[in-house]
Amino acid sequence: MKKIVLLRHGESTWNRENRFTGWTDVDLTEKGIAEADRAGELLKKEGFAFDKAYTSYLKRAVKTLDRVLDKLDQDWIPVEKSWRLNEKHYGMLQGLNKSETAAKYGDQQVLVWRRSYDIAPDPLAEDDPRNPRFDPRYRLVPDGELPRTESLKETIERIMPYWQCAIFPNLKTADQLLVVAHGNSLRGIIKHLKRISDDDIVNLNLPTAVPYVFEFDDRLNLTKDYFLGDPEEIRKLMEAVARQGKKQQ
Ligand SMILES: O=C(O)[C@H](O)COP(=O)(O)O
């Protein structure tokens, strides 16, 4: 049986401060490192042995992957990084506190910015120093492909060429692949794999560092998907992620 494990990075400094992060390259917190270690230990306990791993250009994902591979004692496996696995670009919202933004614009508007399928926050200005066109790590990416903001739809459109050409076809020869990325880039992949509708994807909130396993038959049809861990604890973590975008009572 073939498996792909999707893993959101551990808690970042801006997760802790409840700020919109997107393409901002913030580090893991101590709690985030512990979460990554725990995910690695869980995968080890379940006997996972990955053929290859993929991650984004953002250190919260890269460092989570490193911790997981260390716990698995599989540091040696090939790892491929792609900007296409980066988080959804949160445009002008990047850096703002999520509950303060909800207090200003309303919970519903923040839900639309965070979870709707095809509505994007306002874009970064062309001369904004945070514009990815100024970041040397993206110098080989054609400017027309670098976002200034993104909806989930646009995030999926930039992930899919990489998913379809680089990640998924590897499952023909590999048995187990690991993808460590971000809340919304993974929501995009999950929407594609499970054929979740544009309306229903609003309700999916991914907790940090909880392994999500997808099983495939030999013809690479999806047969089963499940989170590793205690279902009640995972449900509470998902609810907490949803609450991050609400104004404080
Ligand atoms: O970019 C961010 O702020 C987080 O990675 C995901 O945030 P969200 O849960 O608000 O979409």
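About the thresholds
Residues numbered from 1 in each chain as written. Predicted model: local features only at pLDDT ≥ 70, side-chain atom pairs only at ≥ 80, totals over all residues. UniProt positions renumbered as here; feature names shortened; annotations may be inferred. Helix = DSSP H or I, 4+ residues; strand = E, 2+ residues; numbered from the N terminus. Near = placed C-beta within 6 Å. Nonpolar A, V, L, I, M, F, W, Y, C, P; charged D, E, K, R; others polar. Buried ≥ 20, exposed ≤ 12 C-beta atoms within 10 Å, placed from the backbone. Arc of directions from axis to C-beta. Contact = placed C-beta atoms within 7 Å. Pairing = 2+ DSSP bridges. Axes fitted to C-alpha atoms, helices over the stretch in contact; angles between N-to-C directions.

In the nomenclature of an unreviewed UniProt entry, the protein chain is known as 2,3-bisphosphoglycerate-dependent phosphoglycerate mutase of Alistipes hominis. In its Sequence similarities (unreviewed entry) section, the UniProt record describing the protein chain reads: "Belongs to the phosphoglycerate mutase family. BPG-dependent PGAM subfamily." Comment text from UniProt for the protein chain, heading Catalytic activity (unreviewed entry), reads "(2R)-2-phosphoglycerate = (2R)-3-phosphoglycerate".

K.L.:
Before we go on, may I ask you to explain the environment of arginine 139 in this structure?
P.N.:
Tracing the backbone shows arginine 139 in the loop between helix H5 (107-115) and helix H6 (152-167). Each C-alpha atom of the pair arginine 139 and alanine 34 lies 33 Å from the other, and the pair is 105 residues apart in sequence.

K.L.:
What is the right way to read the site of the ligand from this model?
P.N.:
Taken together, 13 residues lie near the ligand, and Phe20, Thr21, Gly22, Arg114 and Gly183 sit nearest. Taken together, the residues of the shell around the ligand break down into three nonpolar, seven polar and three charged.

K.L.:
Looking at this structure, I do not really get H5. What am I missing?
P.N.:
An α-helix turns once per 3.6 residues; consequently, residues spaced three or four apart project the same way. Along H5, the positions that sit buried rather than exposed are Val110, Trp113 and Arg114. Projection of H5 onto a plane perpendicular to its axis shows the buried side chains occupying an angular sector of 95°, all on one side. Each element contacted by the buried residues of H5 is listed here: helix H4 (98-105).

K.L.:
I keep staring at the sheet that holds strand S3 (residues 79-81) and nothing clicks. Help me out?
P.N.:
Two pairing modes exist for strands in a sheet, parallel and antiparallel, and in both the strands are linked by backbone hydrogen bonds. Strand order in the open sheet formed by six strands is S3-S2-S4-S1-S5-S6, with mixed pairing between adjacent strands. The sheet terminates laterally at S3 and strand S6 (222-227), the two strands that pair on one side only. Within this sheet the neighbouring strands show an average axis-to-axis angle of 15°, counted without direction. Sheet topology note: the strand S2 (residues 52-55)/S3 ladder contains three bridges and is parallel. Across the sheet, residue tyrosine 54 finds its bridge partner in S3, namely glutamate 80. Packed onto the sheet, helix H7 (residues 183-194) meets strand S1 (2-8), strand S4 (176-181), strand S5 (212-216) and S6 and runs at close to 150° relative to S1.

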